[in-house]
Amino acid sequence: MRYFRHPGFLIGVILLTLLLIVAVAAPWIAPMSPLETDLANTLAPPSAAHLLGTDQFGRDVLSRLIWGTRISLQVAVAVMALSLSLGMVIGAVAGFFGGWVERVTVSIIDILLAFPGFLLALALVAARGSSLETVIIAVALAFTPRVAAVMRAVVLTIKPRTYVEASRAIGMGTMRLLFLHVVPNSLPPVIVVATVSAATAILAEAGLSFLGLGVQPPAPTWGNVIADGQSFLASNPLISLSAGICIAVMVVALNLLGDGLRDTLDPQMRRSSGRVL
Amino acid sequence: MDRLLRQLSQLAITVFGIVTVTFFLVRMIPGDPAQYMLGDYATEEALATLRAQLGLDQPVYVQYGLYVLRAVTGDFGSSVVTGRPALEEILFSLPDSAILAFAGLVVAVVIGIPLGILTAERQGSWSDMLIMIVALFGISFPVFWLGLASVLLFSQELKWFPALGASSGGGLLTHLHHLVLPAGVLGISVAAYITRLTRSAMLEVLGQDCIRVARAMGVPERRVVWRLALKNALVPILAIVGVTFAWSLGSAILIEVVFSRPGIGSMILKAVSARDYQLVQAGVLVLAVAVVLVNSLLDLAYGLVDPRLSTR
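**Regarding the environment of threonine 174 of chain A**
Residues and elements named next belong to chain A. Its location among the elements puts threonine 174 in helix α8 (residues 174-210). Overall, the relative accessible area of 33% leaves threonine 174 in the partly exposed class. For the pair threonine 174 and leucine 84, spaced 90 residues apart in sequence, the C-alpha separation works out to 21 Å. Other than its neighbours up to four places away in sequence, threonine 174 contacts Phe96 and Phe97.

This is how it looks when you write it as structure tokens:
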């Protein structure tokens, strides 16, 4: 695999694999329950029993961070799947059918791109209350237009190629053409955008949780742990700092993956994928 | 002139689209805003009254028509909590946010663009590697975490800057003193994006034939990069600034909360927790329009930077 010769890509894959293992094995490797409170032992400094100390309810910070890996990965995967499938269909339809369908879709995409993604998610959560599902839907909706824009650009470059013309000439139906030629060829650049979306989705979820609008406490999300530690920044800085480092590790991994894919793919894609960052 | 008119009509269409989208997005997700605003134990009459007050008892197309008509006259509904018009609330907190966003963007541009050019010039060198690794971490740490970490370091440990507020009283100096940390954090986080994007824009230009010709003709490398290539990369770099403006508005909300500064972000957040969703809707609308306005201005600037684009 040529991808694995890219050092950044390799580091990204290794980091993500480790995080995946942590997420799957959370029940076994977490020293305690992430929700178990111990009011006799609140805000404890790091010790053998609590490697990263405890929070204001005496919950083990390390265990909360380990379980938080699950929620973050869940958000990343769900947002990626949702925005990828929606965005690809919208972009493919716009690029492939052209005409007024394309004009209308493109202007809708442009309008949606004007919204700061985080703000869009914030508005949706504000109107409908916050839960893991709302957060995922909100962030995915914010990223769908970005995927759609890239998908359309790719489809436009594939459409005039000779093999597509040839397939059409021998009577292949539009749908078959789309799924046999257009979709597979557009996957790599779209996946690059999706990786970046997943990275940003994790930051957005953390931001929403930090504002108290994400996954509701006491759920152990990294954003919640940072918010919990904010009031005790002076006395127990480790709570907030360690959770932030967890977020950064996962986002770095996803960004390295995206950079690696982009560099290895057609260098021409560098610009179009860079633009949507 | 023709270009300006076309741009203005495009702007009008986009703003209309934004108004439409803010209306429908909020209604697309299932659930009843009235129920959410009043909670689970609300009586049927209270719900009906609030629905009537918000216009939710009417068919969607009537609601939409009224919403657009009111928006055209600058009426975005009023805050359920304070009873004041939403637009008034927003305009009141706009200056604080604008100052923060502008200061942050200046920091980001001043740091990000030169670093992006420098790394492109020295592609593959250790300084390029180092800067790109720092930039990677810069875009990977949540901006609010960077804010908290800087409070910890610069306010609590070193005591250089105040951690909270925007100093309502006091002179210009105290105001600036309060601005340094939030604008610095916002700027550095956005600078990481700008550095990465500027670097790829420059690398792309540096690969073009005209640059190869200039090098072959013996033009000094310094001049090739900072004069010829930079001139060609200015339009993509301006576009990058436009893209990051939207991003930095989102970050500014979080920064305002971390540093307890007044502003649109704090206002929207307060409105969210009060379930004052008309105010939230109006706030989001105003920020989206701000993004569109900034990008239209940049579009106009493209013509000034690149004469080829102004004749098109």
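**Notes on the side chain of arginine 64 of chain A**
Residue and element names in this part refer to chain A. Along the chain, the position of arginine 64 falls in helix α3 (residues 61-97). The class of arginine 64 is buried, set by a relative accessible area of 1%. Every residue in contact with arginine 64, bar those within four places of it in the chain, is listed here: Pro34, Leu35, Asp55, Arg59, Pro218, Ala219, Pro220, Val225 and Asp228.

**Description of the confidence of the model for chain B**
All names here are of chain B. Confidence in the prediction for chain B averages 81 pLDDT; 92% of positions are at 70 or higher. Taking the mean pLDDT of every element in chain B, the minimum, 64, falls on helix α13 (residues 307-310) and the maximum, 91, on helix α6 (residues 126-140). Model confidence for the complex is summarised by a pTM of 0.83, with the ipTM given as 0.81.

**Some words on unusual backbone geometry**
Backbone geometry places serine 260 of chain B, a non-glycine residue, at a positive phi of 45 degrees. With respect to the element layout, serine 260 of chain B can be found in the loop between α10 (221-258) and α11 (264-273).

**What to know about the layout of surface pockets**
The computed volume of the second largest pocket comes to approximately 760 Å³. In this structure, the second largest pocket is lined by 24 residues; those nearest its centre are His6, Asp259 and Asp263 of chain A together with Met132 and Arg199 of chain B. Where the lining of the second largest pocket is concerned, the elements lending two or more residues are α1 (7-24) and α10 (237-264) of chain A together with α6 and α8 (172-206) of chain B. Ranked by the residues each element gives to the lining of the second largest pocket, the list is headed by α6 of chain B, at 6 residues. For the lining of the second largest pocket, a count of residues per class yields 12 nonpolar, 5 polar and 7 charged.

Conventions used here
- Residues numbered from 1 in each chain as written.
- Chains lettered and ligands numbered in written order.
- Predicted model: local features only at pLDDT ≥ 70, side-chain atom pairs only at ≥ 80, totals over all residues.
- Heavy atoms only, no water.
- Helix = DSSP H or I, 4+ residues; strand = E, 2+ residues; numbered from the N terminus.
- Buried < 20%, exposed > 50% of the residue type's maximum accessible area, 1.4 Å probe, protein only.
- Contact = heavy atoms within 4.5 Å.
- pLDDT = per-residue confidence, 0-100.
- 1 Å grid on protein atoms, 1.4 Å probe; cavity = no way out; pocket = protein on both sides within 12 Å on 5 of 7 lines; lining within 4 Å.
- Points joined across faces, edges and corners; volume = space filled by probe spheres on them.
- Nonpolar A, V, L, I, M, F, W, Y, C, P; charged D, E, K, R; others polar.

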